[in-house]
Amino acid sequence: MFFGIIKRTFWTWWDNLSYSIFTSMLGAANPFYLVIIAGFRWLFAEDVTLILQYKDAFFLVLMASILNMHTFPTTLAAYSMQVKLIDGETKSFFREYWGELKKMFGKGMIFTLINTAAGLALGFSILYFRDKLVNIYPWNYILIGISGWFIFSFLLSQFIMSPLVVSDLEEKKEDRLKIGSYYMISLYWMVKKGLLMLGVALMNVFIFILFTIPAVSPFLTVIPIFAYMGFITTMHTWTYRYIFDDFPKGKDFPKRSVRDLFSPFSGKLKKLEEENEEKDEQIKKDK
């Protein structure tokens with residue numbers, strides 16, 4: 001299942017590479033994600049003295065930001081657009097994105113408030129156990145580990161929750177899940193599919209590092225903004241579909257070969273040629 005997810009993720013992202021860049025850019029218009037990118041760059045490319053001076057405050061902001069990477073309204077709308085790209089149902093990208101953003105905004109802001117509170121509370125608990133319970137060593141570090149596990153579980157469950165929100169807010173669907181149900185369902189399946197979700201998490205970390213390392217250079221800071229979200233929203237969508245067996249009916253995934261790596265470019269040329277042929281035929285008919 002894991003390798004099936006990775007294979008489908010790569011090919012559907014690659015086939016829609018041009019639009020996936022827009023998905024990344026719009027999904028990255030997430031202040032919490034931008035804080036993480038800025039922190040990464042500051043940590044590895046700038047003077048870290050200020051971060052070390054205010055390390056506790058930086059840690060709290062980081063915890064809140066990590067838990068809001070995937071559920072902020074702009075990112076949820078990006079998830080929805082990537083689903084449309086996977087299924088080949090996009091006609092007017094930016095207009096549809098605006099429609100999805102309006103649809104996701106209300107619940108997305110509720111998730112943002114909940115996740116911010118959870119991130120700050122769990123982050124503060126780690127600092128409290130480290131500083132205030134130092135006299136009960138090593139039990140304070142066990143408590144720190146428990147808080148860290150909650151943060152990790154919370155984040156991992158959102159790999160399922162974001163596509164679940166998109167699926168639940170489809171226009172044709174009448175019964176909507178309650179806010180708490182999103183968290184309960186996502187946490188349940190995160191635990192039930194623990195090994196699969198751990199594999200997805202490790203791949204997520206690898207992709208994040210791969211696309212974020214260039215941000216160390218000021219000229220390449222845009223790379224994670226244009227690349228990360230498009231790939232990750234695709235991977236989480238396929239993870240959700242494999243877990244819930246939610247594949248579009250009548251749409252089989254074709255076998256792919258190495259030469260299909262040129263499909264994003266050859267496909268554009270082929271489409272342009274077809275459009276030119278249609279125009280020529282229309283001109284002939286008009287004459």
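### Some remarks on the overall build of the chain
Here comes step 1: Counting secondary structure elements, the chain contains 12 helices and 0 strands.
Here comes step 2: In the chain, the succession of helices and strands from N to C terminus is α-α-α-α-α-α-α-α-α-α-α-α.
Here comes step 3: Expressed as a percentage of the 287 residues in the chain, the buried residues total 44%.
Here comes step 4: Carbon and sulfur atoms make up 68% of the accessible area of the chain, which totals about 16300 Å².

### What about the confidence of the model for the chain?
Here comes step 1: Of all residues in the chain, 82% have pLDDT values of 70 or greater, and the mean over the chain is 84.
Here comes step 2: Here helix α12 (residues 263-286) is the element of the chain with the lowest mean pLDDT, 56, and helix α9 (residues 179-192) is the one with the highest, 93.

### Concerning the packing of aromatic side chains
Here comes step 1: Using the criterion set out here, one finds 25 aromatic pairs in the structure.
Here comes step 2: On the numbers, 6.0 Å between centres and 45° between planes, the contact of F22 with F93 is tilted. Taken together, the residues span a long stretch of sequence, with F22 in helix α2 (residues 17-27) and F93 in helix α7 (residues 93-131) at a distance of 71 residues.
Here comes step 3: Take F22: its relative accessible area is 31%, and that puts it in the partly exposed class.
Here comes step 4: Considering the side-chain rings of F208 and Y228, the 5.4 Å spacing of their centres and the 85° angle between planes classify their relative orientation as edge-to-face. Of this pair, F208 sits in helix α10 (residues 194-212) while Y228 sits in helix α11 (residues 222-244), and the two are 20 residues apart along the sequence.
Here comes step 5: On the accessibility criterion, Y228 (1% relative accessible area) is buried.
Here comes step 6: Members of the aromatic cluster, connected to one another through ring pairs, are F10, W11, W13, W14, F211 and F231.
Here comes step 7: In this structure, R241 packs its charged tip against the face of W238, placed 5.4 Å from the ring centre.

### Some thoughts on unusual backbone geometry
Here comes step 1: The residue after Y137, namely P138, is reached through a cis peptide bond having omega 5°.
Here comes step 2: Along the chain, the position of P138 falls in the loop between α7 and α8 (139-168).

### Notes on the pattern of salt bridges
Here comes step 1: The final tally for this structure, using the stated rule, is 6 salt bridges.
Here comes step 2: For the salt bridge of E100 with K103, the shortest nitrogen-to-oxygen distance reads 3.3 Å. In this pair, E100 and K103 are both assigned in helix α7, 3 residues apart and thus about one turn of the helix distant.
Here comes step 3: Among the salt bridges present, the one from K107 reaches D168, with a minimum N-O distance of 4.0 Å. Note that K107 is positioned in helix α7 and D168 in helix α8, a separation of 61 residues in sequence. The exposure classification of K107 matches that of D168, with both residues buried.

### Notes on the environment of I6
Here comes step 1: Positionally, I6 belongs in helix α1 (residues 2-15).
Here comes step 2: For the pair I6 and M203, spaced 197 residues apart in the sequence, the C-alpha separation amounts to 8.8 Å.
Here comes step 3: Other than its neighbours up to four places away in sequence, I6 contacts M203 and M235.

### Points about a nonpolar patch on the surface
Here comes step 1: The grouping of I21, F219, L220, V222, I223 and F226 at the surface amounts to a nonpolar patch, some 540 Å² of accessible area in total.
Here comes step 2: Tallying contributions element by element places α11 first for the nonpolar patch, with 3 residues.
Here comes step 3: Along the chain, F226 falls in helix α11.

### Structural notes on the environment of W238
Here comes step 1: Assignment of secondary structure puts W238 in helix α11.
Here comes step 2: Taking C-alpha positions, W238 is 9.7 Å from I160, a pair spaced 78 residues apart along the chain.
Here comes step 3: Among residues more than four places away in sequence, those in contact with W238 are I5, R8, T9, T12, I86 and F247.
Here comes step 4: A distance of 3.5 Å separates the side chain of W238 from the backbone oxygen of R8, its partner in a polar contact.

The rules behind each value
- Residue indices begin from 1 for each chain and proceed along its sequence in written order.
- Given that the model is predicted, a residue must reach a pLDDT of at least 70 before its local features are reported, and side-chain atom pairs must reach 80 or more before they are shown or counted; all residues, however, enter totals for whole chains, interfaces and linings.
- To get the side-chain values, take all heavy atoms of the structure and skip hydrogens and water.
- In DSSP terms, a helix is any run of H or I states spanning at least four residues, a strand is any run of E spanning at least two, and both are numbered starting from the N terminus.
- Categorising residues by exposure relies on relative accessible area from a 1.4 Å probe, with only protein chains included: less than 20% of the type maximum marks a residue as buried, more than 50% marks it as exposed, and the intermediate range marks it as partly exposed.
- Here the open area of atoms and residues is found with the Shrake-Rupley method and a 1.4 Å probe, where only the protein chains shown may cover a residue.
- pLDDT is a per-residue confidence score from the predictor, ranging from 0 to 100.
- What counts as a ring pair is set by centres within 6.5 Å for rings of Phe, Tyr and Trp (its six-membered ring), and what kind of pair is set by the plane angle: stacked under 30 degrees, edge-to-face over 60, tilted for all other angles.
- Here, over-ring charges are defined by two tests on the NZ atom of lysine or the CZ atom of arginine: distance to the ring centre within 6 Å, and angle to the ring normal within 35 degrees.
- The salt bridge criterion pairs a side-chain nitrogen of Lys or Arg with a carboxyl oxygen of Asp or Glu, the two atoms within 4 Å.
- Contacts between residues were defined by any pair of non-hydrogen atoms, one from each residue, lying within 4.5 Å.
- Each patch is built from residues that are more than 30% exposed by relative accessible area and take part in no salt bridge. Like charges join if they lie within 9 Å; nonpolar side chains (Val, Leu, Ile, Met, Phe, Trp, Tyr) join within 5 Å.
- For the purposes of these results, a polar contact is taken to be a pair of N or O atoms within 3.5 Å, where, inside protein, one atom must be able to donate a hydrogen and its partner to accept one; residues adjacent in sequence count only when each atom of the pair is a side-chain atom.

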